[in-house]
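Observations on the model geometry
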Amino acid sequence: MNEYMQLAYKESLKAFKKKEIPVGVIITKNNKVIAKAHNDRQKKYSVLGHAEINAITKAEKKIKDWRLDGCEMYVTLYPCEMCEKIIKECRLSKVYYLLEKNQDSSSKHMFVTIHDDNLLNNYKKIIDKFFKELR
């Protein structure tokens, strides 16, 4: 599980380097990575450029189905409301996240936090640096 979150963290670093909000996502099926993505809203001038949506789109193409039953998502930051609804709609089985936001979610049962203090501390530094320096 932590290896997938490490990959999501690496994706978030890619976003950070591109001056995007540093969010990274990995989607797995049967313990294999089928999609990875990061935010690209600024680059693509698209409100839909969220890491979660980008990864879901790649996963759907990979398995040739919009239903992602049996797939799991690993995301560095708890998804926003828009992404949360899309996650429910595409039927992801489980979502693991690293950093919690103040979220009042009706989907909490499918969202599970990953406890990795070292990775969490590193990610918090990136998020803090992003918002201090770039926003």
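Rules and cut-offs
- Residues numbered from 1 in each chain as written.
- Predicted model: local features only at pLDDT ≥ 70, side-chain atom pairs only at ≥ 80, totals over all residues.
- Heavy atoms only, no water.
- Salt bridge = Lys/Arg side-chain N within 4 Å of Asp/Glu carboxyl O.
- Buried < 20%, exposed > 50% of the residue type's maximum accessible area, 1.4 Å probe, protein only.
- Patch = residues over 30% accessible without salt bridge, like charges linked within 9 Å, V, L, I, M, F, W, Y side chains within 5 Å.
- Areas by Shrake-Rupley, 256 points an atom, 1.4 Å probe, with all protein chains shown as cover.
- Lys, Arg positive; Asp, Glu negative; His and termini not counted.
- Charge placed at Lys NZ, Arg CZ, Asp CG, Glu CD.
- Helix = DSSP H or I, 4+ residues; strand = E, 2+ residues; numbered from the N terminus.

Overview of the pattern of salt bridges
- Evaluation of the coordinates by the stated rule reveals 3 salt bridges.
- Across the pair Asp40 and Lys44 runs a salt bridge, and its minimum N-O distance is 3.4 Å.
- Of the residues examined, Asp40 reaches a relative accessible area of 11% and is grouped as buried.
- Looking at Lys44, the relative accessible area reads 52%, which means it is exposed.
- Between Arg67 and Asp65 there is a salt bridge, and its shortest N-O distance comes to 3.1 Å.
- Taking the relative accessible area as the measure of exposure, Asp65 reaches 27% and is therefore partly exposed.

A few points about a positive patch on the surface
- Among the surface-exposed residues, Lys10, Lys18, Lys36, Lys43 and Lys58 lie close enough to one another that they form a single positively charged patch.
- Tracing the backbone shows Lys18 in the loop between α1 (2-17) and β1 (24-29).

None of the figures reported here should be taken as evidence of function without further support.
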